[in-house]
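Topology and contacts: notes
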Amino acid sequence: MRDFLISGIRQALLVVVIGSTLGLMFNSVRTDKMPIIAPTLSDMEISIAEAEKMYREGRAIFIDARDSWSYAAMGHLPQAINIQPHDNLEPHLEELKKGAGEGKRVIAYCDGEGCRLGTEVAQALSSSGVPNVCVLHNGWTLWEKAGLPLEKSKEQK
Amino acid sequence: MKKAKLLKALFSPRGVLFIRIFLGIVFIYAGAIKINDPQAFANIIGGYAIVPFWLLNIVAIVLPCVEVLLGIILPLPFWRRGSAILATLLFAVFLAAITTSVARGIDIDCGCFSTEVGSNPVTWLTICRDIIFLILGAYVLFREYRRVP
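Now for a quick tour of the structure. As the structure is a computational prediction, the values presented were derived from the model and not from experiment.

Notes on the overall build of chain A
Within chain A one finds seven helices and four strands. For chain A, the proportion of its 157 residues judged to be buried stands at 38%. Sequence separation of at least 24 residues holds for 70% of the intrachain contacts in chain A that already meet a minimum separation of 6.

Structural notes on the pairing of strand β1 (residues 60-64) of chain A
Residue and element names in this part refer to chain A. Within β1, five of the five residues are buried, leaving the element largely enclosed by the surrounding structure. By the alternation rule, side chains of β1 split into A60, F62 and D64 and I61 and I63, which are all buried. Relative to strand β3 (residues 105-109), β1 runs parallel, the two sharing five bridges. From the neighbouring strand, I63 faces β3, where its bridge partner is A108. Inspection of the sheet shows β1 paired to strand β2 (residues 81-82) by two bridges, in the parallel sense.

Considerations on helix α3 (residues 48-56) of chain A
All names here are of chain A. Three or more residues of α3 are buried, namely A51, M54 and Y55. Each buried residue of α3 sits inside an arc of 100 degrees when the element is viewed along its axis, so together they form one side. Exposed residues lying more than 90 degrees from the buried face of α3 are A49 and R56. Tucked inside the fold, the buried residues of α3 contact β1, β3 and β4 (133-136). Looking one or two residues beyond α3, the residue adopting positive phi is G58, at roughly 70 degrees.

Overview of helix α2 (residues 13-36) of chain B
Residue and element names in this part refer to chain B. Here α2 spans 35 Å end to end across 24 residues, near enough to the 34 Å set by a 1.5 Å rise per residue. The complete set of buried residues in α2 reads V16, R20, L23, G24, V26, F27, A30, G31, I33, K34 and I35. Residues of α2 that are buried sit in contact with α3 (38-48), α4 (53-73), α5 (80-103) and α6 (124-147).

A few points about the interface of chain A and chain B
Taken together, the contacts link 32 residues of chain A with 29 residues of chain B. At the level of elements, α1 (2-29) and α6 (117-127) of chain A are the ones that each hand at least two residues to the side of chain A that touches chain B. The element best represented in the side of chain A that touches chain B is α1 of chain A, accounting for 18 residues. When its residues are assigned to classes, the side of chain A that touches chain B shows 17 nonpolar, 14 polar and one charged.

A closer look at the packing of α2 of chain B against α4 of chain B
All names here are of chain B. Two numbers describe how α2 lies on α4: the axes approach to 7 Å, and their chain directions differ by 155 degrees. Accordingly, the angle class assigned to the pair α2 and α4 is roughly antiparallel. Viewed along their axes, α2 and α4 form a crossing whose handedness is left-handed. Along its contact with α2, which presents G24, I25, F27, I28, A30, G31, A32, K34 and I35, the element α4 presents P64, C65, E67, V68, L70, G71 and I72. Within the contact of α2 with α4, the residues separate by chemical class into eleven nonpolar, three polar and two charged.

Parameters at a glance
- Residues numbered from 1 in each chain as written.
- Chains lettered and ligands numbered in written order.
- Predicted model: local features only at pLDDT ≥ 70, side-chain atom pairs only at ≥ 80, totals over all residues.
- Helix = DSSP H or I, 4+ residues; strand = E, 2+ residues; numbered from the N terminus.
- Buried ≥ 20, exposed ≤ 12 C-beta atoms within 10 Å, placed from the backbone.
- Contact = placed C-beta atoms within 7 Å.
- Pairing = 2+ DSSP bridges.
- Arc of directions from axis to C-beta.
- Expected span 1.5 Å × (residues − 1).
- Nonpolar A, V, L, I, M, F, W, Y, C, P; charged D, E, K, R; others polar.
- Axes fitted to C-alpha atoms, helices over the stretch in contact; angles between N-to-C directions.
- Parallel < 35°, antiparallel > 145°, perpendicular 65-115°, else oblique.
- Left-handed = near helix turned anticlockwise from the far one by under 90°.

Okay, here's the thing in structure tokens:
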């Protein structure tokens, strides 16, 4: 039994090591290669002042991670795209990658100190290969309190 | 009579080889689809909310290749112990991940045989299918253990 397990685990580890090496090699030659380690949350957070500066300079693409009712009825940050966690990102990726490639920052937000929807969407976008993604924590409330421009629309995602 | 013949065939060395080939095809098919779109696969893994975020990409990059390699090795006459152990372990991990997501009521895609959003939702049927895979893997492992003199 012991010999069986030891040799079996050794062989299984070899399969994992060889498979992992092949995976990493394959990723390194892909045209759409992914970063091996996804950026952490602390790397992604920005302040309201930074977000405002990006907006004034026309370098912000806002992602509203709240539910579609809040987005449409309560309003949203200027030209924000409504994307919630677990939504299909595919229809938005090309546009976001293009914008980020032009030096814009993709800023995800939701509402409330404890809200993690913005973070989840930012992480999903980042791991989907969208560069320059960041999170404005409690973004809706901060933006509204700062008296910055808002948009209202009946448009649903 | 037919049932007895079927059972006899299943318990024969040829039956075990057949199961190994079947499981090999399952792993190759599942891995090849994910290799094609690692970013979509990373998103699906993220939906399970059990892998730390910083690990998502690396898991999405290496797991499909490990699956394909394992699928190739499973029916071959070498590393038989290792492939049987790894196949059983992977099926157990997949089953645990799927079961916990169903139990927590998380509405996500399985990511088992597709990376398209909405094409492969996790249901109780998915769990039943994975239980069958796990039983087959465990059977191959058991037969491999019994094969050792």
